[in-house]
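In case you want the letters, here they are:
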Amino acid sequence: GDSVTQTEGPVTVSESESLIINCTYSATSIAYPNLFWYVRYPGEGLQLLLKVITAGQKGSSRGFEATYNKETTSFHLQKASVQESDSAVYYCALGPLNTENYKYVFGAGTRLKVIA
Amino acid sequence: NAGVIQTPRHKVTGKGQEATLWCEPISGHSAVFWYRQTIVQGLEFLTYFRNQAPIDDSGMPKERFSAQMPNQSHSTLKIQSTQPQDSAVYLCASSLWGDGAETLYFGSGTRLTVL
């Protein structure tokens, strides 16, 4: 079926260190789904971080980057130097599942804690 | 624009009671989604509407859950005979209707606790 698997948290990283959160997907209904990273900061609602709709392309936002790799069906989230303010829960997602059903599927979420 | 509004923020019910959760989507958004979030299952899709019509309710436990969208300004999720396993944060999201790359705008959620 359609699913998203991401790094199991919590992930603890020291400030200014690099970060990678892995995300792989399975989309049986559609060959090239759109891929998303959403983030939930403490005390806030879930919000879009970045999205990529074309295979091979890279999306970026707030210093984070993710590249849509159709060969490995992956969409890993990376940042070269994290800050304490990046502490949040990150969700990888895909959609639509087919051209008629715009349902989105989310991963389980990865809690990131950045320590000083 | 106030964003997606969900009420109440917290609801506590006794086992077997009914719970109704409300969602007001962003004005002009034609797609409304409901998700359930738990520590164990993460974000689970429940159902969604397009232009008020139900499109996919494959994630809804059929026996006790129902969702409606009587007009473009609000949607409700009703849980009858609530059970402790229904305890979760219920999230509503809305978006423009497009090619599936539309950003989902989430509300703050309703935390349901069933005692």
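In what follows, the accompanying structure is described. This structure is a prediction, so every number in the text was calculated from the model and none was measured. (Residues numbered from 1 in each chain as written. Chains lettered and ligands numbered in written order. Predicted model: local features only at pLDDT ≥ 70, side-chain atom pairs only at ≥ 80, totals over all residues. Heavy atoms only, no water.)

### Some remarks on the sheet that holds strand β7 (residues 65-71) of chain B
Residue and element names in this part refer to chain B. Strand order across the open sheet formed by 4 strands is β1-β3-β8-β7, with antiparallel pairing between neighbours. Among the strands making up the open sheet, the edge pair consists of β1 (5-7) and β7. Going from strand to strand, the sheet's axes swing by 20 degrees on average, the running direction of each strand aside. Alignment of β1 against strand β3 (residues 19-24), held across 3 bridges, turns out to be antiparallel. Paired with I5 across the two strands is E24, which belongs to β3. (Pairing = 2+ DSSP bridges. Helix = DSSP H or I, 4+ residues; strand = E, 2+ residues; numbered from the N terminus. Axes fitted to C-alpha atoms, helices over the stretch in contact; angles between N-to-C directions.)

### So, the pairing of strand β11 (residues 110-114) of chain B
A regular strand places its side chains so that they alternate between the two faces of the sheet. All names here are of chain B. By the alternation rule, side chains of β11 split into T110, L112 and V114, which are all buried, and R111 and T113, of which none is buried. When strand β2 (residues 10-13) meets β11, the two strands line up parallel, connected through 4 bridges. Each residue of the ladder has a partner; that of K11, found in β11, is L112. Note: strand β9 (residues 88-95) against β11, 3 bridges, orientation antiparallel. Looking at β11, one finds that A88 is bridged to L112. (Buried < 20%, exposed > 50% of the residue type's maximum accessible area, 1.4 Å probe, protein only.)

### Focus: the state of the cysteines
A disulfide bridge is the covalent bond that connects two cysteines by way of their sulfur atoms. Applying the stated criterion across every chain yields a total of 2 disulfides over all chains. In this model, C23 of chain A is linked to C92 of chain A through a disulfide, with the two sulfur atoms separated by 2.0 Å. Since a negative S-S torsion denotes a left-handed disulfide, the C23 of chain A-C92 of chain A link at about -65 degrees is left-handed. Of this pair, C23 of chain A sits in strand β4 (residues 23-26) while C92 of chain A sits in strand β10 (residues 88-95), and the two are 69 residues apart along the sequence. Of the two residues, C23 of chain A and C92 of chain A, both sit in the buried class. Paired by a disulfide, C23 of chain B and C92 of chain B hold their sulfur atoms 1.9 Å apart. Because the sign of the S-S torsion sets the handedness, a value of about -65 degrees for the bond joining C23 of chain B and C92 of chain B places this disulfide among the left-handed ones. With C23 of chain B in strand β3 and C92 of chain B in strand β9, the pair connects residues that are 69 residues apart, well separated along the chain. Judged by relative accessible area, C23 of chain B falls into the buried class, the value being 2%. C92 of chain B sits in the buried class, given a relative accessible area of 0%. (Disulfide = S-S within 2.5 Å.)

### Quick word on the packing of aromatic side chains
How two aromatic rings sit relative to each other is set out by the distance from centre to centre and by the angle between their planes. A full pass over the atoms with the stated rule returns 13 aromatic pairs over all chains. When the centroid spacing of 6.1 Å and the interplanar angle of 35 degrees are considered together, the rings of F36 of chain A and Y38 of chain A count as tilted. In this structure, F36 of chain A and Y38 of chain A share a single accessibility class: buried. Judged by centre distance (5.6 Å) and plane angle (75 degrees), the rings of Y104 of chain A and F33 of chain B are edge-to-face. (Phe/Tyr/Trp six-rings, centres within 6.5 Å; stacked < 30°, edge-to-face > 60°.)

### Observations regarding the environment of Y68 of chain A
Residue and element names in this part refer to chain A. With respect to the helices and strands, Y68 occurs in the loop between β8 (64-67) and β9 (77-79). Residue Y68 is classed as buried on the basis of its relative accessible area of 1%. Measuring from C-alpha to C-alpha, the distance between Y68 and V105 comes to 16 Å, with 37 residues separating the pair along the chain. With residues near it in sequence (within four places) discarded, Y68 still touches Y25, Y32, P33, L35, V52, I53, T54, A55, G56, Q57, S74 and F75. A distance of 2.6 Å separates the side chain of Y68 from the backbone oxygen of P33, its partner in a polar contact. (Contact = heavy atoms within 4.5 Å. Polar contact = N/O pair within 3.5 Å; in protein donor to acceptor, adjacent residues only side chain to side chain.)

Geometric values such as these leave the question of function open.
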